[in-house]
Every structure is written in C-alpha cells, then in structure tokens.
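Coordinates in review
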Amino acid sequence: MGRLIFSISLVVFGIFTGYLFQILVKKKQWDLPYEAIRRALQKTALLFLNPVAIVGATWVAHIDDIKIAAMPFMGMTALFTGGILAFGFSKLLKLNRPQTGSFIVCGGFTNIGSLGALFCFLFLGEAGFALVPFYKLFEESIYYAIGFPIAKSYGDVDAENLTFWGRVKSAVTDLFVVVAVCSIITGLCLNLLDIPRPVVYASVNTVIIPLAALLLLISIGMAMRFSAIGRYLKPGLLIAAFKAFFIPVIVFLLGWKLGLGEIDNGLPLKVVLILSSMPVGFIAMVPPTIYRLDIDLSNACWLITNAMVILQVPILLWLVQSFL
C-alpha cells in the first residue's frame, strides 16, 4: 500500500506543481523563459538521470530465465498493437500530422512501471511484482528507438519532404534516442559479461528514478490544459478503449496460446493481463513537448485513460482471482 500511495502522491504532486507554476506565470505575467525551463527539466531527466537508471536496471535483469522468455515479447506486442491501432484510427478521425504523432504515441506508450507494477504487487504479491521487469524488458528500447523517432517524424516541419533515408538519419541522430539506446546497450553488455553491479547502485536508483519521474511530471504539468478534454473527448475515449479492452484481449490470447497460463498457476499470464491493461504513461507527453506535436491531445488521452483506471481496477482484480 505504501508503494501505491507514494506513486499516486508523486504523480499528483509533480503535475500539480507544474500546473500551479503555469498558472502563476500567466497570472503574475512573470518574464521567465517558460519553454526553456520546461525543456531543461525534460533534458535533465532524459539525458542525465534516466540513462543512469536504465544502465542499472538492465545490468541486473535476469534475461536468461527460460520459463519467462516469452514475457518481453508480450510487452512488445502490447506496445506495438497500441501504436498500430492508434495509427489506423488517426486516418478515420482525419487527424493532422501533429495530432497523429501524439495519438500514435499515446496508443503505444503505457504506464507499466508505476501503476502496472503496483497493481501486480497488490493483486499478486511479490511473485507477481518480480515478473514486471521481464515484461517491460524492451520497453525503453521501443520508446526511445522507435516511438520517439516516429513522433519526431510527425513533428518536424519538413518531415513530409524527407526521403525514407532522410527520416532514418533524422531518427538515429536524435540526441534523446542516441543517449537512451547507448544506455540500454551498456547495461546489457555489463549484464552479459557477468560484471557484478556495485551494491550502492540500488540505493542510487531509488533516488534517481523518482527524481527523474518528478522532473518529467512537473514539465508535463507546465503544459497541462484540462480544458482540452472536451475538445479531444472522442480520441481520448478511443485510446481508453484500446488500453482497457482491445490490447489486453489480443495480448492475453497470445500469451494463453504460448502456454503462459501453464506456468506457476498462470502467474505470468495474470501479470501480462494486468500490465497490458494499463493507461497512457506520462512519458507519452514528453515527445509532443519535445517535437512540438499536439500537446492538448496528449493531455486529454492521458487524463481520460488514467481516470478510467478507477473502473478497471475492480474488474482486473475479479479476473485474476476468478478465472485464472
């Protein structure tokens, strides 16, 4: 319960602090480099704090456990399914390029590490919580190596005029992508070489990870517009339907077919069901602010899907206790 309270408090405090700062700047008409401050917070988290945390987490991930070898691919399937569904429906909704970029990111980026991990712990205990890193093993790689470049391609003013190789060059040379991918590769190399991780690293990550999240949340709060919900209610409800129903059903059936329900009384399959049902992660609002996509659409999708979690939680608890 302490983890749940801490996570919720961190999210509320970060967003409220950023939103309050936004209101004060507008009301007091302070002459501040507002956008520069917001981007500085994001760069500090993504270019300095997150790389340290990613290296440490990847360094000690148990990637050689055969029993749960399918779980990372379940996580990949969920993220790709959300992005593909969002891309397809963006055509039906006739969204423009900045809106489409934000919509795709919201469809793919998911709150696995905080809400998902906490619900696994609350519903399934430490055994369920321990499986979360396997499911999200490739999460950062997909976000930074695929999600961010896609968002960038929709945010660049001249992106429509770029050739295919021009898009590839633009993606692989993006600083945020390069730093994140290098961090993941570094951690994997240390892992595969069996180099012991310093004991102090665990304590360092307990500070760095919440701090990086807090800085990102504050930057998101600085761009938050609650009035955007009404204007983007339809896209937000569509993303909520993807996250709460379509993605979990697809991933659950795939996991069942692969035999995850036959391991440890179905524990891996229960974890997959919970994690694939999670709402839009707050990191989904980072690419729109970095690459100048539609921030209001991202705000609306994030707020609507996270509000829907209140309805999802009792259903998920009932499912994992009754049918699995």
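Residues numbered from 1 in each chain as written. Predicted model: local features only at pLDDT ≥ 70, side-chain atom pairs only at ≥ 80, totals over all residues. Heavy atoms only, no water.

Considering the overall build of the protein chain
For the protein chain, the count of helices and strands is 14 helices and 0 strands. Order of helices (α) and strands (β) in the protein chain, N terminus to C terminus: α-α-α-α-α-α-α-α-α-α-α-α-α-α. Burial status across the protein chain gives 52% buried among its 324 residues. Relative to all contacts within the protein chain whose residues are 6 or more apart in sequence, the contacts with residues 24 or more apart total 85%. (Helix = DSSP H or I, 4+ residues; strand = E, 2+ residues; numbered from the N terminus. Buried < 20%, exposed > 50% of the residue type's maximum accessible area, 1.4 Å probe, protein only. Contact = heavy atoms within 4.5 Å.)

A look at the nonpolar core
Within soluble globular proteins, side chains that are nonpolar tend to cluster in buried spots. By size, the foremost hydrophobic cluster in this structure holds 89 residues, and its most contacted members are Phe 103 and Phe 148. The leading source of residues in this core is helix H5 (residues 112-135), at 11 residues. Residues contacting Phe 103, with those up to four places away along its chain left out, are Ala 86, Phe 89, Ser 90, Leu 93, Leu 95, Pro 235, Leu 238, Ile 239, Phe 242, Leu 297 and Cys 301. (Core = buried A, V, L, I, M, F, W, Y, C linked by side-chain atoms within 4.5 Å.)

Observations regarding the side chain of Lys 136
Locating Lys 136 in the fold gives a position in the loop between H5 and helix H6 (139-155). For Lys 136, a relative accessible area of 17% gives the class buried. Leave out the neighbours within four places in its chain, and Lys 136 touches Ile 112 and Gly 113.

Some remarks on helix H12 (residues 267-275)
Burial within H12 is extensive, with 9 of its 9 residues counted as buried. Residues of H12 that are buried: Leu 267, Pro 268, Leu 269, Lys 270, Val 271, Val 272, Leu 273, Ile 274 and Leu 275.

Considerations on the packing of helix H2 (residues 34-59) against helix H9 (residues 200-221)
Contact pair H2 / H9: the axes reach a minimum separation of 8 Å and the direction vectors enclose 150°. By the angle between their directions, the pair H2 and H9 is classed as roughly antiparallel. As for how H2 packs across H9, the hand of that crossing is left-handed. (Axes fitted to C-alpha atoms, helices over the stretch in contact; angles between N-to-C directions. Parallel < 35°, antiparallel > 145°, perpendicular 65-115°, else oblique. Left-handed = near helix turned anticlockwise from the far one by under 90°.)

Considerations on the pattern of salt bridges
The final tally for this structure, using the stated rule, is 3 salt bridges. When the shortest N-O distance is used, the salt bridge between Glu 139 and Lys 136 registers 3.1 Å. The class for Glu 139 is buried, based on a relative accessible area of 7%. (Salt bridge = Lys/Arg side-chain N within 4 Å of Asp/Glu carboxyl O.)

Keep in mind these values describe shape, not function.
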